[in-house]
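Architecture at a glance
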Amino acid sequence: MRHKTVRLWHNRRIYPDIMLDFVDNKHRHALSPACRAPHASNANALAARELRRLCSYSLALALLTGTACSPGDSPSGRDPDAGATVQRQMVVSERIAEGAPANAPALFANLPNSNPNASIAVSYPPAEVIVPANLGLLDVHFNGPAEHDLYEIVLKSNYAEQRVYVRGQGRDMFTFLPEEWQRAVDGTEAGQVRTLELRLRGLSQNGANVSFSQSSALKLTVSNDPIRGGIYYWSPVANDTSGTIWRRDMEVLDKEPEAFLSGTNRNDCVGCHSLSNKGDRIALRYGENFGGNNTREGAVYDIAQRTAVVRTTPARPWNYAAFSADDEKLLIAEGGVLSLLNSRDGALLGIQGQLGPAAGEGKATHPNFSPGNNRIAYARSTHPSADDAHVYNGSIITQSYDATNNSFGAPQVLVPFDPSNNYNNYNPAHSPVSMQAPEKSGEWIVFNRAKNQPEGPVNSAAQPWAEVWVVKADGSQPPIKLDAANLGEKLTNSWPVWAPFESHYGPNNETVYWIAFSSARPFGNRLTAEQNNLHEQIWMTAFFPERARQGQDPSGPAFRLPLQNPDTGNRNAQWTQKIVPIGSLL
């Protein structure tokens, strides 16, 4: 008897809690024990019912070959049929892209296996990059000989090889489709680091076939589980401060970003936005002409209805705001002072204890709550030019917080501004809840650090010298620079934020978090210094907390969030636990 369990990937969405069991290639049941339990979600149950209807013998065979579902262990981590094994075979899939000749596979099959005449340089993705299992769309940028106009691009794992044949002119870009990406990920071996190999070959279609080019093998590794939640980010318009907030559901593999909210004129800036954890509300400040009243004003918007449900009276023109972990409070920065509001009606709450800097101690901005709802972090600046949007010579401050009586402990300097190293510190954010180790929730604070220059101190607004750092929230370890993620200097690595859910990596299920940030670094062949078109895009990096505890660089090379508009500058990413559909009722 042969037993195999596969994880559902259906209708472009991954359902990590749904398992399908097959014995001797016959479908046995559609729901895993975890999914049959009372806590199973309605979405998963609906998908399982649909799958029961669709699951025929032919679909079962397709699933077993990895074309529709990803292979995985049972939820308990054991094979229910002890001792049963499945002999997996390599599955090779080919696609001839539009414009490539029908005989492209044969042309490459006739090439020798070694000694190419020229090399192909892969400019994206970066080598050794670590990505989520549901990345979905893999961009590949490459530079080969100008005379080579046909390329074979191969993505290979332990049991799957995806080959695509494309026309090219030496300097080109290509994207694997979601089903091609998923097929390769599905072919990785259980119990190992999930590894993919990317390689390219090129030749000329002149018929001679006497020369060919080849890339070195480039390795990517993949998390054990998909990234979850949704992301919002702001795209300013050239010569205009208004711009648009875009959003994307990260759980749908090829979901295009959706325009959520735009400024109504050039002064209505919606860039300083903050999302509730549940994804049902957004706090932001409009510019000069919000609501026709010719003033600046903060508001809380209902996401589903896309309308303002909280307008403070009198108007509170905050720059930055943060929802508490339970989404019931809103901490705003206004005029260098932090204030606590009821997020449901905008009422100013009475505060016990000092909140933010005392008079004469500087200005506070960039507030953030811990996921345990028991601590806040913010940036403080004593520089005379500092304001809510511009931090100079900043320090990272924390304070304990009691949500019951709205009380705050004394400010603690976590990362001080030190004239000897001359770093400006700002944009703090707590790491998310850890389900694997709840006591580690909010253990780390990611923040920006920018070194002041000889001509004077630098501020926090779109700062070219910005870098991404982390520090233990309790101050027990010194700050750690994320060297692999930062890549280099003067890349505007700004606005770091954590994805809301932990993931896992490798055979031991090592905890990994994801950090998104904006960066004006090169993006393969599309955005380069030579073309003078570098601007900010949203990039992401893996973060391994156990490696950080050992004092190591806990980051990996960064990857660009797929499906962004490469022609716009994208910044100020904000994560939420889910993307709430417009017009939905929660």
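The coordinates are above.
Sequence order as written defines residue numbering, which begins from 1 separately in each chain. Given that this is a predicted model, residues contribute local features only at a pLDDT of at least 70 and side-chain atom pairs are listed and counted only at 80 or more, while totals for whole chains, interfaces and linings are drawn from all residues. Note that water and hydrogens are dropped before the side-chain values are worked out from all heavy atoms of the structure.

We call two strands paired when DSSP finds no fewer than two bridges between them. Put simply, DSSP marks the helices as runs of H or I at least four residues long and the strands as runs of E at least two long, and each gets a number from the N terminus on. Strands sit in the order β22-β23-β24 across an open sheet of three strands; the sheet is antiparallel. Single-partner strands in this sheet number two, and they are β22 (320-323) and β24 (337-342). Ignoring which end each strand starts from, the neighbouring axes of this sheet average 20 degrees apart. Where strand β23 (residues 329-334) lies against β24, six bridges are found, and the strand directions are antiparallel. Pairing of Ala333 across the sheet is with Leu338, part of β24. Axis lines are fitted to C-alpha atoms, over the contacting stretch for helices. Their N-to-C directions set the angle, which ranges from 0 to 180 degrees.

The next point concerns the sheet that holds strand β33 (residues 480-481). With antiparallel pairing, the four strands of this open sheet are ordered in space as β30-β31-β32-β33. Only two strands of the sheet have a single neighbouring strand rather than two, namely β30 (423-430) and β33. In the sheet, strand β31 (residues 444-451) pairs with strand β32 (residues 466-472) via seven bridges, with the strands oriented antiparallel. Counted as the bridge partner of Asn448 is Val468 from β32.

Moving on, we come to the pairing of strand β25 (residues 363-369). Burial status follows relative accessibility: with a 1.4 Å probe on protein chains alone, a residue under 20% of its type maximum counts as buried, one over 50% as exposed, and anything between as partly exposed. Of all the seven residues making up β25, six are buried; the element is thus mostly covered by neighbouring parts of the structure. Inspection of the sheet shows β25 paired to strand β26 (residues 375-381) by five bridges, in the antiparallel sense. The partner of Lys363 across the bridge, within β26, is Ser381. Turn length for the β25-β26 hairpin, with the two strands adjacent in sequence and antiparallel, is five residues, and the turn residue Asn373 shows positive phi of about 60 degrees.

Moving on to the packing of aromatic side chains. The criterion for an aromatic pair is that two Phe, Tyr or Trp rings (for Trp, the six-membered ring) have centres within 6.5 Å, with stacked assigned to planes under 30 degrees apart, edge-to-face to planes over 60 apart and tilted to the rest. Considering all chains together, one arrives at 17 aromatic pairs under this definition. Both rings, one in Phe108 and one in Tyr165, keep their centres 5.7 Å apart while their planes meet at 40 degrees; by these two values the pair is tilted. With Phe108 in helix α4 (residues 104-109) and Tyr165 in strand β10 (residues 160-167), this residue pair connects regions lying 57 residues apart in the sequence. A relative accessible area of 1% places Phe108 in the buried class. Cluster of aromatic residues (ring-pair linked, three or more members): Trp444, Trp498, Tyr513 and Phe543. Over the ring of Trp444 we find Lys472; its NZ or CZ atom is 5.5 Å from the centre of that ring. We call a charge positioned over a ring when the NZ of a Lys or the CZ of an Arg lies within 6 Å of the ring centre and within 35 degrees of the ring normal.

Another aspect to go through is the pattern of salt bridges. Any Lys or Arg side-chain nitrogen located within 4 Å of an Asp or Glu carboxyl oxygen qualifies as a salt bridge. Inspection of every chain in the model, using the stated rule, returns 21 salt bridges. Here Arg281 ties to Asp280 by a salt bridge, and the two come within 3.9 Å at their closest N and O atoms. On the basis of relative accessibility, which here comes to 4%, the residue Arg281 falls in the buried class. A residue is classified by how much of its surface remains accessible, and Asp280, at 12% relative accessible area, is buried. Across the pair Glu546 and Arg549 runs a salt bridge whose closest N-O atoms are separated by 2.7 Å. Placement of the pair is Glu546 and Arg549 together in helix α7 (residues 545-549), with a separation of three residues, close to one helical turn. Classification of Arg549 by relative accessible area gives partly exposed; the value is 23%. One connected set of salt bridges, linked through shared partners, spans Glu94, Lys156, Glu161, Arg163, Glu197 and Arg199.

Okay, the side chain of Asp139 next. Summarising the element assignment, Asp139 is placed in strand β8 (residues 138-143). By relative accessible area, which is 12% here, Asp139 ends up buried. What qualifies as a polar contact is a pair of N or O atoms within 3.5 Å, subject to a donor-acceptor requirement within protein and to the restriction that residues adjacent in sequence count only when both atoms come from side chains. At 2.7 Å, the side chain of Asp139 and the side chain of Thr175 are in polar contact. In contact with Asp139, not counting residues within four places along its chain, are Tyr124, Pro125, Phe174, Thr175, Phe523 and Arg560. Throughout, a contact is declared for two residues whenever any of their heavy atoms are within 4.5 Å.

As a further point, take unusual backbone geometry. Peptide bonds are, in most cases, trans, and in most cases residues other than glycine have a negative phi. Looking along the chain, the bond that leaves Tyr124 and enters Pro125 is cis, with omega of 5 degrees. Its place among the elements puts Pro125 in the loop between β6 (118-124) and β7 (130-131). Despite not being glycine, His366 has its phi angle at roughly 55 degrees, a positive value. Phi angles above zero are rare outside glycine, and Asn422 is one such case at about 65 degrees. Within the fold, Asn422 resides in the loop between β29 (412-415) and β30.

Relative to the assigned elements, Leu275 resides in strand β18 (residues 274-275). Taking the C-alpha atoms as reference points, Leu275 and Thr576, 301 residues apart in sequence, are found 6.4 Å from one another. Not counting the four nearest positions on each side in its chain, Leu275 is found in contact with Tyr232, Arg281, Ile282, Ile303, Phe323, Gln574, Trp575 and Thr576.

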